[in-house]
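# Structural characterization, general
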Amino acid sequence: MSKRPFLEFISKDATSVSQILDHAEGLLEAAKALKKELETFRDTPELNDQIISVLKRHNKKILPAAELLTQDETSAIGQYESGSQKIQKLSDSKSSGDAPPALLIPPPVSLTKWTPDDIPSSGLPPLPPVLDPVLEQAALTHSGMTTKPTDMSYERLEWIGDAYLYLISTSFIYQTFTNLGAGRCSQLRERLIRNETLSNYTVQYGINKRTRFPAEFDLHGRIGGSQASQNAKKKVLGDVFESYVAAAILGDPEGLGRVSPWLKSLWSITLAQEIRAESRAQPSLLHDYSNKDGNGDNNQKPAKQDLNPKVLLSQVIGAKGVKISYNDVGEPKKDKHTGKLPWYTVGVFFDGFGERNLQLGLGSAFSKKEAGANAARAALENKSLIKRLQKKKEESLKSAQLAESAQQEYDNWS
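Read on for a plain summary of the structure.

Calculation rules
- Residues numbered from 1 in each chain as written.
- Predicted model: local features only at pLDDT ≥ 70, side-chain atom pairs only at ≥ 80, totals over all residues.
- Heavy atoms only, no water.
- Helix = DSSP H or I, 4+ residues; strand = E, 2+ residues; numbered from the N terminus.
- Buried < 20%, exposed > 50% of the residue type's maximum accessible area, 1.4 Å probe, protein only.
- Contact = heavy atoms within 4.5 Å.
- Areas by Shrake-Rupley, 256 points an atom, 1.4 Å probe, with all protein chains shown as cover.
- Expected span 1.5 Å × (residues − 1).
- Arc of directions from axis to C-beta.
- Axes fitted to C-alpha atoms, helices over the stretch in contact; angles between N-to-C directions.
- Parallel < 35°, antiparallel > 145°, perpendicular 65-115°, else oblique.
- Nonpolar A, V, L, I, M, F, W, Y, C, P; charged D, E, K, R; others polar.
- Pairing = 2+ DSSP bridges.

## So, the overall build of the chain
In terms of regular secondary structure, the chain is built from 14 helices and 4 strands. Each of the 414 residues in the chain was classed as buried or not, and the buried ones make up 39%. Sequence separation of at least 24 residues holds for 68% of the intrachain contacts in the chain that already meet a minimum separation of 6. Of the roughly 24,500 Å² of accessible surface on the chain, 53% is carried by carbon and sulfur atoms.

## Examining helix H1 (residues 17-38)
In this model H1 runs 31 Å from its N-terminal to its C-terminal C-alpha over 22 residues, within 8% of the 32 Å that 1.5 Å per residue would give. Among all positions in H1, only His23, Ala30 and Leu34 are buried. Axial view of H1: buried residues confined to an arc of 40°, hence all on one face. Facing away from the buried side of H1, by more than 90 degrees, are the exposed residues Val17, Leu21, Asp22, Lys32, Lys35 and Lys36.

## Some remarks on the packing of helix H9 (residues 255-270) against helix H10 (residues 272-280)
It is the contact of H9 with H10, at a shortest axis distance of 5 Å, that shows an interaxial angle of 90°. Taken together, the axes of H9 and H10 lie roughly perpendicular to each other. Contacts between H9 and H10 pair Ser268, Ile269 and Thr270 from the former with Ala272, Glu274 and Ile275 from the latter. Taken together, the residues of the contact of H9 with H10 sort by class into 3 nonpolar, 2 polar and 1 charged.

## Examining the pairing of strand E3 (residues 342-352)
In terms of strand pairing, strand E1 (residues 323-328) meets E3 through 6 bridges, oriented antiparallel. Looking at E3, one finds that Tyr326 is bridged to Val348. Both strand E2 (residues 333-334) and E3 contribute to a ladder of 2 bridges, which runs antiparallel. Bridge pairing in E3 places Lys334 opposite Pro342. Pairing analysis gives 8 bridges linking E3 to strand E4 (residues 355-365), with the strands arranged antiparallel. Of the residues in E4, the one forming a bridge with Phe349 is Gln359.

Right, dumping it as structure tokens:
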């Protein structure tokens, strides 16, 4: 294969002075916004929580903006100094039949669980650039646009990117949703890595506008030719996102460390509802209830952090003669995200202390078991209702104790 000019490998969206100026303008605007708000605290004698909160909020924009300029510098140096040498080495190795250059495996990174703080307040997190121009060109080229078998396209990068997305999403889910079963975890992962999700990311970031597609993938199709189906377009756009992720990771020794936080923030938007729900379900309920016995007195036994909400609810308001039941509410619906999986709703009901069929809470999930646990959790969060039933429980226990005491006195007198 003959060597091709470097310019053929540089996309029109590669690092440019215009792009650097845009990033610099973004940094200046973020810094000015911080300065303007801090001016109101100029006469404050010392730092306080409000000032620290302002710094944290503005740093969420300032730090990514500064990081983009750092990436611009690295990318510009790579384009100017070593881009043509990389392309020549790649071309020479392919044409001579030699083994391809060794693939550098990025060093491991620490992936921590999602929290509500990871969810962006607005917009998408900044797209990390691909620092290797050769990989960038390949990631943005459909195989239908190549002229020779040795020309690079996104197909092989998409294969690697798919593996990275699979592993990274699995890790975040495993760290965050500690009580979910493997099946439910797989359903969450499917929402993150399916073609519909990834193709939407590609369009939202405008990556599709930088990618060289055959004409039939254009929105209006090729005049006089075939037009790709919507499913085919969606699949291709999803593949492009996977290839871009692989190129961003492999094109930089620190690529995995840059890409993982970006994916964490991006995916947190997709799973925002589940992340917030998991955060609310953390040990707060246990602290509220599990250190108390039926009489409301402190119990010295330590609470189990993985106590099932159903068990906890039974401990809090259960007593002799009390029945707590879990029943289906309505017919199963379809999950709004996939449109395929059943979505169950279960209610928890209470009989006792003069109450009959009292609904304590509702919960929904992909399984009845999980829906029931969510219903129990909802009941425990209704503190006014639980407090009322606890009071009735205490009164019932006292009445039973008085009756038992009276019976013993009668027996002794007899």
